[in-house]
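What follows is each chain in one-letter form.
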Amino acid sequence: MGLALVSALGGCAQIDALAPVGGAGIADMRYATNEVLLEKDIDILVAPVCSGEGLELRCTGETVNGETITATSTSEDESTFELIVDAVTLYSGDVQTVLDRNGTVGAS
């Protein structure tokens, strides 16, 4: 029984990391951020965590090499964003375009 409890609790953190972190805009930007990082073969140590709304929406994380991952909304309606790893811009553009090209179903 103890092993089952440990196994059950061990999965909670993983499930929590996948859960939407707020409204549709913030969740979609998080999904798009993760998709671009995967496309660019960026190894993630700390998955981006998002907070804020509108132009204050920001996601931050860390690569396995200790580089900072930063995604910021570039539009009030949260439809566009910029993703920077360390000082390199990996993506700047539409959230939905990233979701569409990867077949990701967003929260909206």
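Report on the accompanying structure. (Residues numbered from 1 in each chain as written. Predicted model: local features only at pLDDT ≥ 70, side-chain atom pairs only at ≥ 80, totals over all residues. Heavy atoms only, no water.)

With respect to the state of the cysteines
Then step 1. Evaluation of the coordinates by the stated rule reveals one disulfide.
Then step 2. The partner cysteine of Cys50 in its disulfide is Cys59, sulfur to sulfur 2.0 Å. Between Cys50 and Cys59, the disulfide has an S-S torsion of 105° and is therefore right-handed. For the pair Cys50 and Cys59, a shared accessibility class is recorded, and that class is buried. (Disulfide = S-S within 2.5 Å. Buried < 20%, exposed > 50% of the residue type's maximum accessible area, 1.4 Å probe, protein only.)

Here we look at the environment of Asp43
Then step 1. Relative to the helices and strands, Asp43 resides in the loop between helix H2 (24–39) and strand S1 (44–51).
Then step 2. Separated by 20 residues in sequence, Asp43 and Thr63 have C-alpha atoms that sit 5.7 Å apart.
Then step 3. Once you skip the residues sitting within four places of it in the chain, Asp43 turns out to touch Thr63 and Val64. (Helix = DSSP H or I, 4+ residues; strand = E, 2+ residues; numbered from the N terminus. Contact = heavy atoms within 4.5 Å.)

Considering the nonpolar core
Then step 1. With 18 residues, the main nonpolar core has Val36, Phe81 and Leu83 as its most contacted residues.
Then step 2. Contributing elements (two or more residues each) for this core: H2, strand S3 (68–73), strand S4 (80–85), strand S5 (88–94) and helix H3 (95–101).
Then step 3. Sort the elements by how many residues they give to this core and H2 lands first, with five residues.
Then step 4. Ignoring anything within four residues of it in the chain, the contact list for Val36 reads Phe81, Leu83, Leu90, Tyr91, Val98 and Arg101. (Core = buried A, V, L, I, M, F, W, Y, C linked by side-chain atoms within 4.5 Å.)

Section: unusual backbone geometry
Then step 1. Despite not being glycine, Asp41 shows a phi value in the positive range, around 55°.
Then step 2. Structurally, Asp41 is set in the loop between H2 and S1.
Then step 3. For Asp86, which is not glycine, the phi dihedral falls at a positive 60°.
Then step 4. Here Asp86 is to be found in the loop between S4 and S5.

Observations regarding the pairing of S4
Then step 1. Side chains of S4 alternate between two faces, with Phe81, Leu83 and Val85 buried and Thr80, Glu82 and Ile84 left unburied.
Then step 2. Two strands pair when backbone bridges link them, and S3 and S4 are joined in this way by five bridges, in the antiparallel orientation. The residue of S4 that forms the bridge with Thr70 is Ile84.
Then step 3. Hairpin connection of S3 to S4: six residues between the antiparallel strands, including Glu78 at a positive phi of 65°.
Then step 4. Judged from the six bridges that link them, S4 and S5 form a sheet pairing that is antiparallel. Pairing of Leu83 across the sheet is with Tyr91, part of S5. (Pairing = 2+ DSSP bridges.)

Notes on the environment of Thr68
Then step 1. In this structure, Thr68 sits in strand S3.
Then step 2. With 20 residues separating them along the chain, Thr68 and Pro48 place their C-alpha atoms 9.6 Å apart.
Then step 3. With near-sequence residues (within four places) excluded, Thr68 lies in contact with Gly61, Ile84, Val85 and Asp86.

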